[in-house]
Amino acid sequence: MTSGEVAGYVASLLVFATFYMKTMLPLRVVAMASNVAFITYALIDGLTPILILHTALLPLNALRLLQLRELTGQVEKAARKGDFSIDALLPLMRRQRFAAGETLFSKGDPADQLYYVLEGTIFLPSVQQAVNPGSFLGEFGLFSEAGVRTGSAIARTDGSVMVLTRSAVFACLLQHPQLGVHLLRLITGRMMQNAGIAVAEEADGPTAKTEGARPGKGLRALLLGRTAPRVTIAVVSVVLLVAVVHQPLYVVLERNAAVTTWLSTVTAPITGTIEGFQSKVGDRIDGGADIARIENFSADRSGVIRAEGLARRAEAKVAQLAVYEARLAKLADEWTARRTRYGLGFARDLDLKIEDLELRKALLKDRVELAEVSAARRRTLRASGTGSQADEEVARSSKLELQTSLQEMDKMLERTRHRRRLAADGVYLQEDGKEPEWSWRSLDEIHIEAARAARALSEAREELATATAVLEGERRNLETAARAVIRIPGGMTIWSSRVSNNASVKQGDELFSWIDCSALLVDAPVTETVAALLSPGMPAEVILEGEQGKLPAVVLLSRGASSRLGASELVSLSHGHRAGTAQVIVALADPQSIRSCPIGRRAFVSFPQLRLVDYVRAYIAM
């Protein structure tokens, strides 16, 4: 049972006791106790409507209790001194005027009114007495069993009275008991006067003064005086103001908070057998260490075998293509040397042809000169008349033919020289303008095939790299599937263990859990409204059960009721969580100051920056 439930049961029992009471004074006292119990219950469980209601009822019940005590004091004073103030009855009375000689009532009339003389004098013939202003009249018949007047009342002078009806009198007796005491004293005194017994009117005066002068009565006089309600209201207002400005009560009450920390659970990464696990629950691991390993002797090796086969085939293909590429390179070198030889022969032929063309050109040039001489002689002979014109034309035609042949010879020689210059640059042209097959065909085919071989070799090497990577991955997978090492950080503490050494486990099975006692947290159940007011980094104060000093802390996170952290994240959870409670995780600022590891201990949490006015404003906004 939580502290909130205990407070709720106590409050319910006190309410029952309140309804059981028959007198007002104990009823008010028990009602105030129930208000305190309900306020405690509402603050612990976050019941804001109940908190507001009983926070308002508590000062009201206190005020009514003091008023009841004041009323009791007034009754005691009226019984002791006979003093009574008519001020409270005036709003219920009506004024009635009378003239001298007028009869207010006669003997035997119904006694249904009580009179209070304001002005004038009224004479009572039956008792031969006069009633002066400030006195009641007609009380005998009002309270008699017959309910009729026992005598007459005649006005001696003009004046007025205040009249109170019979029903109003009985109502006033409930609200103002001092009126009943005053009337009782008045009736008793008049009966004693009528009986001839002397009454000492001032008998209570000195006694009252003496009582008032007794030491030790000052506090009671203050509480029962006219200023008591005002003092009570002022005190309650100051208390409420302090509750608003200072830290409210609900953040220092016990909340069933629990010291906790993060829970780290270790599961089996592979299927196999636990080996080397010697740690026990509660052991502290000093320094990072391998505390266990899992061996799987039946791990599947087929992936590694397939990857090894692919890698070997890739290696053979790369070696084969490398040999083929080397052969092509050698063939290319051979064809390059052959082409060089062909090129030298081709250039030599061109050189010889150029020499031949130059000789032929020189001969043609000589023939052209001879043809010019012959043509000149024929022209001279024809001019002298010894030669014919036909001979001259034949000589001229022969000259032109030789000149044309010389020009063609020059062109042929120039083309040959151009081919020779190209041959020097490695370009071989035949007379028809085409390259000979030996200069390009075989070598180009070799180059093309070499490019293909290089591309195939590159692809084979990529395949080999891929196969090698796959093989390495399969080997790592095999190593991972066949062996796993369990390691936890240094300084951690084994919290729980589900396995032992040489135990068989399956992948995903929980092995053990560990905690870090150097990072202590507090799981505090709060209301949704309080959780909305808290933000990460806000200061908090924690008191551990059994400790006196406050430990500084900060708010780490807050979660709503639908998203609370559970047993899979935290080592210990508060017992105060219910369906509608939110959750605040508080981190201790200096856990090293705590000598032991107080996981699971109850704690008291407070939030110094939280104020009641903020709580009420947030509750209204939500």
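Please refer to the structure placed before this passage.
A brief report on the enclosed structure follows. Along each chain, numbering runs from 1 in the same order as the chain's sequence is written. Only residues with pLDDT of at least 70 get local features here, since the model is predicted, and only at 80 or more are side-chain atom pairs given and counted; chain-wide, interface and lining totals rely on the full set of residues. Side-chain measures here rest on the full set of heavy atoms in the structure, leaving out hydrogens and waters.

### Some details on the overall build of the protein chain
What the protein chain contains, in helices and strands, is 14 helices and 22 strands. The contact definition used throughout considers only heavy atoms, calling two residues in contact when any of these lie within 4.5 Å. Pairs at least 24 apart in sequence give 77% of the contacts found in the protein chain among residues at least 6 apart. Calculation of accessible area relied on Shrake-Rupley with a 1.4 Å probe; when residues are assessed, cover is drawn exclusively from the protein chains displayed. Looking at the protein chain as shown, the accessible area adds up to about 36,100 Å², and 56% of this sits on carbon and sulfur atoms. The helix and strand labels rest on DSSP assignments: H or I over at least four residues marks a helix, E over at least two residues marks a strand, and numbering proceeds from the N terminus.

### Observations regarding the packing of aromatic side chains
Whether two aromatic rings pair depends on their centres lying within 6.5 Å, for rings of Phe, Tyr and Trp, where Trp uses its six-membered ring; planes under 30 degrees apart make the pair stacked, over 60 edge-to-face, and the rest tilted. Counting across every chain of the model gives 4 aromatic pairs. Arranged with centres 5.8 Å apart and planes meeting at 20 degrees, the rings of Phe105 and Tyr115 form a pair that is stacked. One end of the pair, Phe105, is in strand 2 (residues 103–105); the other, Tyr115, is in strand 3 (residues 113–119), and 10 residues separate them in sequence. Partly exposed residues are those whose accessible area sits between 20% and 50% of the maximum for their type, while under 20% is buried and over 50% is exposed, using a 1.4 Å probe and protein chains only. On the basis of relative accessibility, which here comes to 8%, the residue Phe105 falls in the buried class. Take Tyr115: its relative accessible area is 4%, and that puts it in the buried class. One Lys or Arg, Arg149, reaches over the ring of Phe105 and ends 4.3 Å from the middle of that ring. A cation sits over an aromatic face here: Arg338 above Trp335, 4.3 Å from the ring centre. Each ring is checked for a lysine NZ or an arginine CZ that lies within 6 Å of its centre and within 35 degrees of its normal; such an atom marks a charge sitting over the ring.

### Comments concerning the sheet that holds strand 7 (residues 153–155)
Strand pairing is defined by DSSP finding a minimum of two bridges between the two strands. If you trace the 4 strands from one edge of the open sheet to the other, you get 2-7-4-5, paired in antiparallel fashion. Each of the sheet's edge strands pairs with one partner strand only, and the pair in question is strand 2 and strand 5 (129–131). Across the sheet, the mean angle separating the axes of adjacent strands is 30 degrees when strand polarity is ignored. Where strand 4 (residues 122–124) and strand 5 come together, 3 bridges link them in antiparallel fashion. In the strand pairing of strand 5, Ile122 is matched with Val131. Note on definitions: angles span 0 to 180 degrees between N-to-C directions of axes, and those axes are lines fitted to C-alpha atoms, for helices only across the stretch in contact.

### Let's talk about the state of the cysteines
Cysteine sulfur pairs qualify as disulfides if the two atoms are within 2.5 Å. As enumerated under the stated definition, the model contains 1 disulfide in all. In this model, Cys517 is linked to Cys597 through a disulfide, with the two sulfur atoms separated by 2.0 Å. On the sign convention where negative means left-handed, the S-S torsion of about -85 degrees between Cys517 and Cys597 marks this disulfide as left-handed. One end of the pair, Cys517, is in the loop between strand 17 (510–515) and strand 18 (521–526); the other, Cys597, is in the loop between strand 21 (582–588) and strand 22 (602–606), and 80 residues separate them in sequence. Take Cys597: its relative accessible area is 31%, and that puts it in the partly exposed class.

### Comments concerning unusual backbone geometry
Residue Gln128 is not a glycine yet carries a positive backbone phi of 55 degrees. Position of Gln128 relative to the elements: it lies in the loop between strand 4 and strand 5. In this structure Gln128 comes out as exposed when scored by relative accessible area, which is 57%. Although it is not a glycine, Asn502 sits at a positive phi angle of roughly 70 degrees. In this fold, Asn502 is placed in the loop between strand 15 (492–497) and strand 16 (504–505). Among the residues examined, Asn502 registers a relative accessible area of 55% and is labelled exposed.

### With respect to the pattern of salt bridges
A pairing counts as a salt bridge when a side-chain nitrogen of Lys or Arg comes within 4 Å of a carboxyl oxygen of Asp or Glu. Taken as a whole and judged by the stated rule, the model has 22 salt bridges. Glu119 is paired through a salt bridge with Arg97; the nearest N and O atoms lie 4.0 Å apart. Remark: Arg97 occurs in strand 1 (residues 94–98) and Glu119 occurs in strand 3; sequence separation between them is 22 residues. In this structure Glu119 comes out as partly exposed when scored by relative accessible area, which is 38%. Arg498 serves as the salt-bridge partner of Glu510, at 3.2 Å between the closest nitrogen and oxygen. Linking Glu510 in strand 17 with Arg498 in the loop between strand 15 and strand 16, this pair joins segments that are 12 residues apart in sequence. The class of Arg498 is exposed, set by a relative accessible area of 61%.

### Remarks on helix 10 (residues 302–384)
Expected span, for any helix, means 1.5 Å times one less than how many residues it has. A rise of 1.5 Å per residue sets the reference length of helix 10, with its 83 residues, at 123 Å; its end C-alpha atoms lie 119 Å apart and thus fit the reference within 8%. Note on helix 10: the residue one or two positions beyond its end, Gly385, has a positive phi of about 90 degrees.

### Brief notes about the side chain of Ser513
As for its placement among the helices and strands, Ser513 is situated in strand 17. Residue Ser513 is classed as buried on the basis of its relative accessible area of 2%. Polar side-chain contacts of Ser513 include one of 2.5 Å to the side chain of Ser496. Residues in contact with Ser513, not counting those within four places in the same chain, are Leu263, Ser264, Thr265, Thr493, Ile494, Trp495 and Ser496. What qualifies as a polar contact is a pair of N or O atoms within 3.5 Å, subject to a donor-acceptor requirement within protein and to the restriction that residues adjacent in sequence count only when both atoms come from side chains.

### Looking at the nonpolar core
Here, nonpolar core refers to any group of buried Ala, Val, Leu, Ile, Met, Phe, Trp, Tyr and Cys residues whose side-chain atoms link them within 4.5 Å. With 29 residues, the main nonpolar core has Val522, Val542, Val586, Val605 and Phe607 as its most contacted residues. Where this core is concerned, the elements lending two or more residues are strand 9 (257–260), strand 18, helix 13 (528–533), strand 19 (539–544), strand 20 (551–559), strand 21 and strand 22. Ranked by size, the runner-up nonpolar core spans 19 residues in total, among them Ile274, Val499, Leu511 and Phe512.

### A closer look at the sheet that holds strand 21
Spatially, 9-18-21-20-19-22 is the arrangement adopted by the 6 strands of the closed barrel, whose pairing is antiparallel. Neighbour-to-neighbour, the strand axes of this sheet turn through a mean angle of 40 degrees, independent of strand direction. Pairing geometry for strand 19 and strand 22, over 4 bridges, is antiparallel. Across the sheet, residue Ile543 finds its bridge partner in strand 22, namely Phe604.

### Notes on the pairing of strand 19
Of the two faces of strand 19, the one lined by Ala540, Val542 and Leu544 is fully buried and the one lined by Pro539, Glu541 and Ile543 carries no buried residue. Here strand 19 pairs with strand 20 via 4 bridges, running antiparallel. Counted as the bridge partner of Val542 is Leu551 from strand 20. In textbook terms, the turn of a hairpin is the stretch between consecutive antiparallel strands, and for strand 19 and strand 20 this stretch comprises 6 residues, one of which, Gly546, has a positive phi near 90 degrees.

### Looking at the pairing of strand 9
Neither face of strand 9 is left uncovered, since the one carrying Ala257 and Val259 and the one carrying Ala258 and Thr260 both have all their residues buried. Pairing between strand 9 and strand 22: 2 bridges, direction antiparallel. Pairing of Ala258 across the sheet is with Arg602, part of strand 22. Sheet topology note: the strand 9/strand 18 ladder contains 3 bridges and is antiparallel. Considered in strand 18, the bridge of Thr260 is made with Leu521.

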